[in-house]
Amino acid sequence: MSEDGGPALRIDVVSIFPDYLAALDLSLIGKARDDGLLDVRVHDLRDFTHDRHRTVDDTPYGGGAGMVMKAQPWAEALDHVVAQRGSNLADARPHLVVPGPGGAPFTQAMARQLAHEPWLAFACGRYEGIDERVYEHARETLGLEVSVVSLGDYVLNGGEVAVLAMVEAIGRLVPGVIGNAESLVEESHEDGLLEYPLYTKPREWNGRQVPPILLSGNHAAIAAWRHEQRLARTAARRPDLLHASHGDGEVEIAAATPSDVPELNVLFKACWVQEALLNDTLDIPALTEGLDDVRASLDTTQTWVARKGGRLVGAVRTSRLGDDWHIGRLCVVPDLRGRGLGRRLLEHAEATAPDGIRTISLDTGALSTDNLRMYRKSGYRVVPDAPDVPAGAVHLTKRPGR
Ligand code: ADE
C-alpha cells in the first residue's frame, strides 16, 4: 500500500493482444492485485482506432520489410492512460516503458528502480515497431519519461512476453508482495552473484545424497560452502559478473581520501540496507546521509578503506572520545562476507588505537546476529542500558589488547 492507502504501484499495459496479459491474474502478482498492492489495467490498442478494420499498422515510409504501428491509435491510447490518473496519484505521470530488442538491458537493478515508481505504463509493440512520433508525443506532449527496454539479445514477436517478465520482476519487489523481504536479499543477482544450489527432503533421493555439510549444523561452514558454490556457478555460467575482487588477490587497507567518497557512500547504502530490512526502518544515518556527509566524516573520523582488485570492498572508521576508542561503520560488501574481511578491518581499527585508551567500543544492530557473533568472538560484550545508543542498536565494549 502507498502512504495514502492506495496501491503501491499502478501499472497500465497497452497491447493488441490484451488476453496475453491474463497471466497477470495468477500467482503472486494476481494475489498482490487482489490485496490492493498492485493496480494493473490492461487496454486494447484497437479500442483507439476509428476505422472498420480497427487498423493499427501500415507500410513503412522509405520502404523496407514488415509493417509499422500507426501513431494515431498509440497517441490516443497513451492520452487515455494518462487521463485516468487516480486521486491517489496526485500529479504523477506514468514512466512509459516500451519493450523492444533495441532497448537498454532489463536487469535486477532496473527492476529495483522501476519498483520505486508510483506508476508504470507499458506499450507492447508488434510488427517492426512503433512510429517514432509516438515516443515524441509521449515525451513532449504528455511529459512522460520514456524508456525502451530489452529483455535480452534476441527478438520476440512483440512486447507482451517481455511485459509479463518485467511486471513479475518489478511487482515482486514492491513492499508486501513477497511476504519475507529477506528472501529478496539472498537471491541471484541481488548482490551480483548467482544463487547457490538448493536441496530439500529427503536426505537421499534415487541414490543421490544432499551434500553432508548442509546437514552439519555448522552455520559458518555452510555459509562458506554456499559462497564457494555461488562463485563457482557464477564463474561457470556468468563470468561477465565476476570481478577481480572475487579472486585470491590481496586486500589492501588504506586511509580513505576524498576520492573514495562516492564509492564509500554506495558501500554504506549496500551494507545498511539489510539492517533496514531487519529493523523495518529506513531511518538509519548510513542510509539517509549523502555524499557531503560522507566527505565531512573524513575530517571528523579516521576512515579506512579496504580494496581488492581495485574495488572498494570494505570500510571502517574510528574516533576518540576521551579515553574511549570508538569503531564505527564497519562494513564489507555483501558478496564478500564470511571470508574474514570484517574481522581484519576490526583488528586494523583496534590496532590503530592510541596509547591511553581504556575502552574500545562499537554499536551494532540488536538483531544483527552475524555481527554480534563476530564481536563476541573478538572479545566485545554488550553494555546493557548504555546511554545515547541509536534505536534498534546495542553498545559493545572491550579493553584494548584483549
Ligand atoms: N520485443 C521484441 N523483442 C524483444 C526483446 N528482446 N525484449 C523486449 N521486447 C522485445
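Predicted model only: the values in this text are computed from it and were never measured.

Rules of the game
- Residues numbered from 1 in each chain as written.
- Predicted model: local features only at pLDDT ≥ 70, side-chain atom pairs only at ≥ 80, totals over all residues.
- Helix = DSSP H or I, 4+ residues; strand = E, 2+ residues; numbered from the N terminus.
- Buried ≥ 20, exposed ≤ 12 C-beta atoms within 10 Å, placed from the backbone.
- Contact = placed C-beta atoms within 7 Å.
- Domains from an automatic or database assignment.
- Core = buried A, V, L, I, M, F, W, Y, C linked by C-beta atoms within 7 Å.
- Near = placed C-beta within 6 Å.
- Pairing = 2+ DSSP bridges.
- Axes fitted to C-alpha atoms, helices over the stretch in contact; angles between N-to-C directions.
- Parallel < 35°, antiparallel > 145°, perpendicular 65-115°, else oblique.
- Left-handed = near helix turned anticlockwise from the far one by under 90°.
- Nonpolar A, V, L, I, M, F, W, Y, C, P; charged D, E, K, R; others polar.

### Brief notes about the overall build of the chain
Scanning the chain from terminus to terminus reveals 12 helices and 16 strands. A burial count over the chain gives 28% of its 402 residues as buried. Put simply, 71% of the contacts in the chain that link residues at least 6 apart link residues at least 24 apart.

### Digging into the domain arrangement of the chain
It is common to give the size of an interface as the accessible area lost on bringing the parts into contact. Per the domain assignment, the segments making up the chain are domain 1 (9-179), domain 2 (204-242) and domain 3 (251-398). One C-alpha centre belongs to domain 1, the other to domain 3, and the line joining them spans 43 Å.

### Brief notes about the nonpolar core
Membership of the largest hydrophobic core comes to 46 residues, with the highest contact counts inside it found for Val 13, Trp 74, Leu 120, Phe 122, Ala 123, Val 163 and Val 167. Looking at this core element by element, the count peaks at 6 residues for helix α5 (residues 160-171). The residues contacting Val 167, other than those within four sequence positions of it, are Ile 11, Leu 24 and Ile 29. Residues Val 313, Leu 345, Ala 349 and Ile 360 belong to the second largest nonpolar core, which totals 30 residues.

### Here's the deal with the site of the ligand
Taken together, Pro 99, Gly 100, Pro 101, Ser 150, Leu 151, Gly 152, Tyr 154, Val 155, Leu 156, Gly 159 and Ala 162 are the residues near the ligand. The dominant element in the shell around the ligand, judged by the number of residues it contributes, is strand β5 (residues 95-105), at 3 residues.

### Quick look at the pairing of strand β14 (residues 359-365)
Across 4 bridges, strand β13 (residues 324-332) lies against β14 in parallel orientation. Paired with Trp 325 across the bridge in β14 is Ile 360. As defined by bridge partners, β14 adjoins strand β16 (residues 393-398) across 6 bridges and the pair is classed as antiparallel. Counted as the bridge partner of Thr 364 is Val 394 from β16.

### Observations regarding unusual backbone geometry
Of note, the amide linkage connecting Lys 201 to Pro 202 takes the cis form, showing an omega dihedral of 5°. Inspection of the secondary structure puts Pro 202 in the loop between α6 (181-185) and β8 (204-205). A positive phi is found at Asn 206, a non-glycine position, where the angle reads about 55°. When you line up the elements, Asn 206 lands in the loop between β8 and β9 (208-209). Of note in this structure, Asp 388 is not a glycine but carries a positive phi near 60°.

### Side note on the packing of helix α2 (residues 71-83) against helix α4 (residues 132-141)
A pair of packed helices is characterised by two quantities: the angle between their axes and the separation of those axes. Where α2 contacts α4, the axes come no closer than 9 Å and their chain directions differ by 25°. Regarding the angle of α2 to α4, the classification is roughly parallel. For the pair α2 and α4, the sense of crossing is right-handed. Residue-level inspection shows Ala 71, Trp 74, Ala 75 and Leu 78 of α2 in contact with α4, the latter providing Arg 133, Val 134, His 137 and Ala 138. By residue class, the composition of the contact of α2 with α4 is 6 nonpolar, 1 polar and 1 charged.

### A word on the sheet that holds strand β11 (residues 302-308)
In any sheet, the strands associate via hydrogen bonds between backbone groups, in a parallel or an antiparallel arrangement. Spatially, β10-β11-β12-β13-β14-β16-β15 is the arrangement adopted by the 7 strands of the open sheet, whose pairing is mixed. Looking at strand neighbours, the two that pair on one side only are β10 (251-255) and β15 (381-383), the edges of this open sheet. Neighbour-to-neighbour, the strand axes of this sheet turn through a mean angle of 30°, independent of strand direction. By the bridge criterion, 3 bridges tie β15 to β16 in an arrangement that is antiparallel. Residue pairing across strands places Arg 381 opposite Thr 397, the latter belonging to β16. Against the sheet, helix α11 (residues 341-351) engages β10, β11, β12 (311-321), β13 and β14, with an angle of about 30° to β12.

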